[in-house]
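# Residue-level structure breakdown
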Amino acid sequence: MDILKYIDRLRDFVTPERYDLLCRKLGLRTSYIAVVLENVHHEQNISAVMRTCECLGIQNLYIIENSNRHSEHPTISRGADKWLTIHRFNQHDDNTPACIEHLRLKGYRIVATTPHDDASLLPPMPGFGAGFSLPERSDSLYNFDITKGPVAIFIGSERVGISRHVVDAADDFITIPMVGFTESLNLSVTAAIVVAHLRRQLEQLPDDVRDSLPAKASLTTDERNDILVEWLLNSIRNADLVAQRIKQEIG
């Protein structure tokens, strides 16, 4: 099927203003930064991260469901899932290795969030992961180099944080500097802080640096077309019937 013809026909079913809005928002999307949630327990947290990703233009959200299966919480997500590309890994008892391999094949650096930057803190602190020590190469979020390649930001579960698989596979560890007594952030807040900072860092790169990145900061043409189709269908009443009729017409 000719996807450009398909898009051209679908746009007949939305107003010109709606089509222009979709195209403008699409131009602000990026796949250079992806967010990965590993076995998060509460759907409220997943939905809050969805909303953060959508608001900040992060198109790809990966959800690893090992012992938990979730759907979005509509009151919190506010429909954000309609505009994201959500990848769920839930076919096995332990789906983290498959997700890591998938991201590697797509050229992502595996970047794990950790609450501490002091490798001497033993035993492991709650929220990181029981049974193994903290990473020795964690760095402040504010020193992170976004220009080294696309990043997949791993955020672990509420109780034990990231798994041993992520610790072993990670190319980088980042921590959010904290000066209070609690030294603990809700995972959705962590996602918001990390993504907002990295997105801003990406936007502030000089044009020549952005052009020399290992991968484009903006979406590829194929990604844009695929997403635009989904967004148009999300904007059309009786989209399944419309899509079926158009596909029959254009072959």
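Structure's up top.
The structure presented is a predicted model; accordingly, all values stated were derived computationally and were not measured.

Our focus in this paragraph is the packing of aromatic side chains. Per the counting criterion, the structure on display carries two aromatic pairs. Summarising the aromatic geometry, the rings of Trp 83 and Trp 231 are spaced 5.8 Å apart at their centres and angled 85 degrees between planes, so their arrangement reads as edge-to-face. One end of the pair, Trp 83, is in the loop between α4 (74–77) and β3 (85–89); the other, Trp 231, is in helix α9 (residues 221–234), and 148 residues separate them in sequence. Exposure remark for Trp 231: the relative accessible area of 3% places this residue in the buried category. A cation sits over an aromatic face here: Arg 11 above Tyr 19, 3.9 Å from the ring centre.

Among the nonpolar cores identified, the biggest contains 32 residues, and Ile 33, Val 35, Leu 37, Leu 61, Ile 146, Ile 153 and Leu 198 are the most heavily contacted of them. Those elements that place two or more of their residues in this core are β1 (33–38), α3 (43–55), β2 (60–64), β6 (151–155) and α7 (187–203). Core analysis: the second largest hydrophobic core is formed by 20 residues, Val 14, Val 229, Ala 243 and Ile 246 among them.

Further remarks concern helix α2 (residues 16–27). Note: α-helices contain 3.6 residues per turn, so residues at a spacing of three or four share the same orientation. End to end, α2 covers 17 Å across 12 residues, agreeing with the expected 16 Å (1.5 Å per residue, within 8%). Next to the buried residues of α2 lie α1 (3–10) and α9.

With 14 residues, α9 extends 20 Å between its outermost C-alpha atoms, agreeing within 8% with the 20 Å of an ideal straight helix rising 1.5 Å per residue. When we look at burial in α9, the residues that qualify are Asn 225, Ile 227, Leu 228, Val 229, Trp 231, Leu 232 and Leu 233. Looking at the buried side of α9, the elements it contacts are α1, α2, β3 and α10 (239–250).

Right, let's talk about the packing of α1 against α10 for a bit. Taken N-terminus to C-terminus, the directions of α1 and α10 make an angle of 130 degrees; their axes are 10 Å apart at the nearest point. As far as their axial angle goes, α10 and α1 are oblique. Crossing geometry of α1 relative to α10 is assigned as right-handed. Contacts from Lys 5, Tyr 6, Arg 9 and Leu 10 of α1 reach α10 at Val 242, Ala 243, Ile 246, Lys 247, Glu 249 and Ile 250. Among the residues forming the contact of α1 with α10, the class breakdown is six nonpolar, no polar and four charged.

So, how was this worked out
- Residues numbered from 1 in each chain as written.
- Predicted model: local features only at pLDDT ≥ 70, side-chain atom pairs only at ≥ 80, totals over all residues.
- Heavy atoms only, no water.
- Phe/Tyr/Trp six-rings, centres within 6.5 Å; stacked < 30°, edge-to-face > 60°.
- Helix = DSSP H or I, 4+ residues; strand = E, 2+ residues; numbered from the N terminus.
- Buried < 20%, exposed > 50% of the residue type's maximum accessible area, 1.4 Å probe, protein only.
- Lys NZ or Arg CZ within 6 Å of the ring centre and 35° of its normal.
- Core = buried A, V, L, I, M, F, W, Y, C linked by side-chain atoms within 4.5 Å.
- Expected span 1.5 Å × (residues − 1).
- Contact = heavy atoms within 4.5 Å.
- Axes fitted to C-alpha atoms, helices over the stretch in contact; angles between N-to-C directions.
- Parallel < 35°, antiparallel > 145°, perpendicular 65-115°, else oblique.
- Left-handed = near helix turned anticlockwise from the far one by under 90°.
- Nonpolar A, V, L, I, M, F, W, Y, C, P; charged D, E, K, R; others polar.

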